[in-house]
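The lines below spell out each chain.
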Amino acid sequence: MNRIAHVLARAALLVLAAMGAVAVATMGQEKARPARPDPAAWGADHVGQPFPPYVTGDECLFCHRDVGPAWGQNRHQLTIRQAAPDDVSLAALRELPGGDSFADETQFMLGAERVTRFLKKSKEYGKLDLLSAAFSRREGQLKNDDSPAWQTSAFADRCAGCHATAVENKSQAFAAISLDCFTCHGDVPLEHTKDVSRVLLSSKTTEARKVISICGQCHLRGGKSKSTRKPYPNTFVAGDNLFRDFEVDFSDAAFAAAPAIDQHIYLNARDVAVLGHSETTCLNCHDVHGQSTAKHQDLNDAAICSTCHVPQTGNAKLRDGISPSQRLRMHSRVCDY
Ligand code: HEC
Ligand code: HEC
Ligand code: HEC
Ligand code: HEC
Ligand code: HEC
Ligand code: HEC
């Protein structure tokens with residue numbers, strides 16, 4: 001009896017093992033089955049073409065008067081702004097030997113929370129010179145101030161595409177300082193007034209992969225244009241597929257190296273652009289014009305939540321580096337802060 005039981009048990013185990021193997025094999029197939037779209041497969045780009053002539057913010061705001069007041073306070077609009085002569089950063093610059101002339105020459109400022117950079121118009125149209133010295137707002141003092149100098153190509157080579165509007169590839173000249181409506185809404189035809197499906201990011205046009213391309217053109221810091229090797233996209237027009245020309249490393253190692261607050265951006269972009277998901281984009285959580293993320297608190301728990309919240313705490317606890325005061329200490333190699 002014992003022996004028979006043993007043989008039966010063995011047979012049962014073998015069957016189970018075989019079933020297991022089948023199950024594993026099917027799981028493998030199931031894992032492989034959802035087609036992993038090639039992020040570069042859809043849509044078009046404007047590499048090698050000029051930017052389309054676009055309607056400027058002043059013209060948009062002539063009709064969209066309700067958007068104007070908040071836009072004046074929006075960090076996108078303010079990323080580069082007229083230098084405020086009484087700003088603490090300029091006062092610090094004046095204290096350097098020869099600092100008065102740098103301060104007097106400064107026409108624009110870039111960045112207001114962590115770091116402020118000083119800029120002036122270049123000799124060439126559509127370009128800015130960047131002062132090597134930077135003002136850390138957290139520490140209230142200058143950095144890199146041993147021998148400050150105006151750099152003529154740094155801004156065009158390394159910054160312009162994400163801090164100015166419509167940077168032309170050949171000349172590297174921008175069409176406007178700071179970020180105009182065009183960067184997110186694209187080339188808006190006048191017919192959109194009767195049919196809002198003709199303008200991007202309207203209540204009817206929030207296709208996930210287009211949203212990720214639009215926001216990702218600047219927020220996927222660390223990517224590179226294949227055609228120019230620059231750290232910002234080549235002639236990107238909202239509506240294009242960013243990933244046809246912009247290479248982004250979505251590996252786990254790249255995630256780990258990104259500043260803590262950038263990890264959710266990488267994860268969201270990978271979910272949509274590489275894995276083909278479309279339920280969640282930046283717009284489920286961010287109200288861009290209102291500069292608020294209040295609505296994110298009402299969402300259901302999902303993997304992305306634990307890029308910022310400690311898992312199993314009901315999203316009540318934040319991870320290290322995520323609270324606003326901790327973020328001021330954040331570093332970015334792309335932006336030199
Ligand atoms: C790929 C796009 C990209 C490039 C290239 C880029 N930036 Fe940025 N920069 C950003 C984004 C996006 C932010 C906002 C990040 C945030 O607030 O989390 C930012 C923020 C900043 C800030 C901080 C603003 C603040 O006070 O918090 C400074 C200063 C800055 N960038 C300077 C530069 C400089 C100088 C260069 C060129 C050497 C540069 N950036 C290149 C996208 C870029
Ligand atoms: C940084 C990206 C970005 C820029 C730049 C931007 N927008 Fe928007 N806009 C959005 C997004 C995203 C939405 C969808 C609603 C939301 O999340 O705020 C939107 C919605 C709108 C709407 C419809 C909803 C509403 O608030 O009335 C209008 C109108 C609008 N934008 C106009 C403008 C104008 C005019 C400018 C330039 C002065 C501009 N936008 C610049 C991202 C942007
Ligand atoms: C001649 C006036 C006019 C101009 C110029 C104009 N718009 Fe509009 N826009 C409208 C009207 C009218 C609507 C439809 C009604 C509404 O939703 O406000 C609209 C709708 C929109 C929407 C969709 C709102 C929704 O319901 O989701 C967006 C986004 C938008 N415009 C952005 C822009 C941007 C960006 C520019 C500049 C590039 C611009 N508009 C220029 C009049 C104008
Ligand atoms: C053309 C470049 C560009 C595009 C496109 C862009 N951003 Fe930004 N964004 C920036 C820069 C630069 C800053 C930081 C500005 C500063 O503080 O100087 C910023 C700041 C922000 C911030 C922090 C400030 C705030 O409003 O709370 C959020 C959130 C943000 N962007 C979300 C988005 C989303 C969502 C989209 C897509 C709809 C988008 N951005 C599109 C460049 C861009
Ligand atoms: C699941 C919700 C969620 C999604 C999806 C999401 N975000 Fe965020 N994001 C947040 C929250 C919450 C914060 C922290 C805001 C705060 O502290 O006020 C944040 C912070 C940021 C910041 C930093 C602002 C700063 O002050 O440093 C940027 C930039 C940003 N998000 C851009 C994006 C972009 C671009 C996307 C799309 C690729 C995106 N986010 C997708 C919820 C989300
Ligand atoms: C990019 C970072 C980020 C992501 C991603 C994020 N959160 Fe948050 N969350 C915050 C921050 C920062 C706060 C603090 C309040 C604020 O600024 O909005 C917060 C607050 C909250 C709160 C209120 C907690 C309390 O005790 O008051 C809830 C609930 C919440 N988040 C849920 C979620 C859910 C659900 C997700 C995923 C869908 C998520 N969060 C994703 C950053 C994030």
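Because the structure is predicted, anything quoted here is derived from the model rather than measured.

Caption draft 1: The arrangement of the confidence of the model for the protein in detail. Confidence in the prediction for the protein averages 90 pLDDT; 89% of positions are at 70 or higher. pLDDT under 50 marks residues 1–5. Its contacts with residues more than four places away, or in other chains, come to 0 contacts. Contacts from residues 7–31, a stretch scored under 50 in pLDDT, to residues over four places away or in other chains number 0 contacts.

Caption draft 2: Expanded view of the side chain of Asn-234. Topologically, Asn-234 is positioned in the loop between β9 (224–225) and β10 (246–247). A polar contact is formed between the side chain of Asn-234 and the side chain of Thr-235, at a distance of 2.6 Å. Ignoring sequence-local partners within four residues, the contact set of Asn-234 consists of Val-47, Asn-169, Ser-225, Ser-227, Thr-228 and Asp-245.

Caption draft 3: Quick peek at the coordination of the iron atom of ligand 5. Around the iron atom of ligand 5, the donor atoms from the protein are His-264 (NE2) and His-286 (NE2), and they sit 2.0 Å away. Relative to the metal, the 6 donor atoms surrounding the iron atom of ligand 5 lie at angles of 87 to 178°, and the coordination shape comes out octahedral. With a gap of 22 residues between them, His-264 in helix α11 (residues 263–274) and His-286 in the loop between α12 (282–285) and α13 (324–327) connect regions that are remote in the sequence.

Caption draft 4: Examining the pattern of salt bridges more closely. This model, assessed by the stated rule, comprises 15 salt bridges. With a closest N to O distance of 2.8 Å, Asp-45 and Arg-244 form a salt bridge. With Asp-45 in the loop between α1 (2–32) and α2 (57–63) and Arg-244 in the loop between β9 and β10, this pair connects stretches of sequence that are 199 residues apart. Residue classification places Arg-244 among the partly exposed residues on the basis of a relative accessible area of 33%. Asp-104 serves as the salt-bridge partner of Arg-94, at 2.9 Å between the closest nitrogen and oxygen. Of the two residues, Arg-94 is situated in helix α5 (residues 88–94) and Asp-104 in helix α6 (residues 99–105); the sequence distance between them amounts to 10 residues. On the accessibility criterion, Arg-94 (35% relative accessible area) is partly exposed. We classify Asp-104 as exposed; its relative accessible area is 55%. Each member of the salt-bridge network shares a partner with another, and the members are Arg-94, Asp-100 and Asp-104.

What counts and how
Residues numbered from 1 in each chain as written. Chains lettered and ligands numbered in written order. Predicted model: local features only at pLDDT ≥ 70, side-chain atom pairs only at ≥ 80, totals over all residues. Heavy atoms only, no water. pLDDT = per-residue confidence, 0-100. Contact = heavy atoms within 4.5 Å. Helix = DSSP H or I, 4+ residues; strand = E, 2+ residues; numbered from the N terminus. Polar contact = N/O pair within 3.5 Å; in protein donor to acceptor, adjacent residues only side chain to side chain. Donors = N, O, S within 2.8 Å, 3.2 Å for Na, K, Ca; no water. Tetrahedral: all angles 85-135°; square planar, octahedral: opposite > 155°, others 65-115°. Salt bridge = Lys/Arg side-chain N within 4 Å of Asp/Glu carboxyl O. Buried < 20%, exposed > 50% of the residue type's maximum accessible area, 1.4 Å probe, protein only.

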